[in-house]
Amino acid sequence: MSFQDLSLAERLTVARRGTAYFAQRLAELTDGQLYEPTALDGWSRAHLVAHVGYNAAALCRLMDWAASGVETPMYASAEQRGREIAEGATLNGAALRNLFTHTVARLDKKWRNLPDSAWSAQVRTAQGRLVPASETAWMRTREVWIHAVDLGNGGRFGDFPDVVLDSLLTDIVGMWQKKDLGAGLVLAVDGYAPIAVQPDSPVSEKIGGSLASLVRWAAGRGAVGVSAGGEIPEPPRWL
Ligand code: ZN
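Residues numbered from 1 in each chain as written. Predicted model: local features only at pLDDT ≥ 70, side-chain atom pairs only at ≥ 80, totals over all residues. Heavy atoms only, no water.

Colleague: Looking at this model, I keep getting lost on the coordination of the zinc ion. Mind explaining?
Modeller: For a metal bound by four donors in tetrahedral geometry, the ideal donor-metal-donor angle is 109.5 degrees, whereas six donors in octahedral geometry ideally sit at 90 or 180 degrees. Binding of the zinc ion to the protein goes through His51 (NE2), Glu143 (OE) and His147 (NE2), at separations of 2.1 to 2.2 Å. All donor residues of the zinc ion come from one chain, and their arrangement in sequence is H-x91-E-x3-H. Of the two residues, Glu143 and His147 both sit in helix 5 (residues 136–150), four residues apart, roughly one turn of that helix. Considered together, Glu143 and His147 belong to a single accessibility category, that of buried residues. (Donors = N, O, S within 2.8 Å, 3.2 Å for Na, K, Ca; no water. Helix = DSSP H or I, 4+ residues; strand = E, 2+ residues; numbered from the N terminus. Buried < 20%, exposed > 50% of the residue type's maximum accessible area, 1.4 Å probe, protein only.)

Have a look at this one:
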């Protein structure tokens with residue numbers, strides 16, 4: 001079952017559950033812990049919270065675009081996006097938490113109020129892809145679930161709904177294929193038919209494990225619970 005097979009209402013529910021999961025991890029952190037580093041290069045937890053907050057604000061701009069037909073990009077530029085996160089990461093704990101809850105509430109309101117007909121309106125992702133406004137449900141789902149793990153205080157891929165794990169795997173393998181990466185790599189997910197990343201290339205490496213552990217590895221979040229012939233390799237870059 002892929003995320004796209006769910007009804008729009010169900011997709012929004014999965015995104016909201018992910019937001020609640022992130023919010024729970026955030027609530028368990030003290031203000032002091034917000035400025036500790038994460039496994040993401042150069043980012044503290046404060047960077048992550050700011051990024052997740054500004055991501056919701058950026059998705060609000062796409063909802064405005066869908067509702068009005070007036071092009072409103074997610075971000076003015078990659079530089080502006082980076083600067084906003086860097087500045088956001090210097091906010092104090094209360095302001096960061098406020099940024100998160102406020103932007104979440106705004107996005108939720110936009111989702112609730114968008115007329116049915118506007119969900120199919122085309123908007124552009126930060127990567128430049130044209131997608132229907134309904135894609136914002138998946139864009140947000142990916143962000144909140146994965147970054148909840150990145151907070152590094154107990155979030156686990158094993159807590160994700162299977163439909164999120166399935167669709168993440170499809171996304172990641174699709175990106176590798178598009179970038180011509182992962183030749184010879186086969187993913188052997190427990191209970192699934194093996195997935196050859198580049199079906200035309202001879203098999204050189206087989207990585208096995210549960211769906212959750214393979215998605216974690218493929219997303220570049222560590223090799224725990226996965227097996228390979230020898231040492232576990234780094235996954236190809238996804239984003
Ligand atoms: Zn992100």
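There is more to say after this.
Colleague: I would appreciate a short explanation of the sheet that holds strand 4 (residues 195–196) in the present structure.
Modeller: Strand pairing in a sheet takes place through backbone hydrogen bonds and is either antiparallel or parallel in direction. Across the sheet, which stays open at both edges, the four strands sit in the order 4-3-5-6 with mixed pairing between neighbours. This sheet does not close on itself; its edge strands, each paired only once, are strand 4 and strand 6 (226–227). Looking at chain direction, strand 3 (residues 185–189) and strand 4 are connected through two bridges and run antiparallel. Across the sheet, the residue bridging to Val186 is Ala196, located in strand 4. In this fold helix 6 (residues 162–178) packs onto strand 3 and strand 4, with an angle of close to 175 degrees to the strand it touches most, strand 3. (Pairing = 2+ DSSP bridges. Contact = heavy atoms within 4.5 Å. Axes fitted to C-alpha atoms, helices over the stretch in contact; angles between N-to-C directions.)

Colleague: What should I look at first to understand unusual backbone geometry in this one?
Modeller: Backbone phi values are negative for most residues with the exception of glycine, while trans is the configuration of most peptide bonds. Located in the positive-phi region is Asp180, a residue other than glycine, with phi close to 60 degrees. Checked against the element boundaries, Asp180 lands in the loop between helix 6 and strand 3.

Colleague: I'm lost on the packing of helix 5 against helix 6 in this one. Help?
Modeller: For any two helices packed against each other, the geometry is given by the interaxial angle and the distance between the axes. At a closest axis distance of 11 Å, the pairing of helix 5 and helix 6 adopts a crossing angle of 105 degrees. The pairing of helix 5 with helix 6 is recorded here as roughly perpendicular in orientation. Facing Trp138, Thr141, Arg142, Trp145 and Ile146 of helix 5, the residues of helix 6 in contact are Val164, Ser167, Leu168 and Asp171. Of the residues contributing to the contact of helix 5 with helix 6, the split by class is five nonpolar, two polar and two charged. (Parallel < 35°, antiparallel > 145°, perpendicular 65-115°, else oblique. Nonpolar A, V, L, I, M, F, W, Y, C, P; charged D, E, K, R; others polar.)

Colleague: How should the environment of Thr72 be read in this particular structure?
Modeller: With respect to the helices and strands, the residue Thr72 is situated in the loop between helix 2 (45–68) and helix 3 (78–88). Residue class for Thr72 comes out partly exposed when judged on its relative accessible area of 23%. Among the polar contacts listed, one links the side chain of Thr72 to the backbone oxygen of Val70, at a separation of 2.8 Å. (Polar contact = N/O pair within 3.5 Å; in protein donor to acceptor, adjacent residues only side chain to side chain.)

Colleague: Is there a simple way to explain the pattern of salt bridges in this structure?
Modeller: Proximity of charged atoms lets side chains of opposite charge pair with each other. Applying the stated criterion across every chain, the model contains 10 salt bridges. Between Asp64 and Lys110 there is a salt bridge, and its shortest N-O distance comes to 2.9 Å. Taken together, the residues Asp64 in helix 2 and Lys110 in helix 4 (residues 93–113) connect sequence positions 46 residues apart. Judged by relative accessible area, which is 30%, Asp64 ranks as partly exposed. Overall, Lys110 belongs to the partly exposed group, its relative accessible area being 25%. (Salt bridge = Lys/Arg side-chain N within 4 Å of Asp/Glu carboxyl O.)

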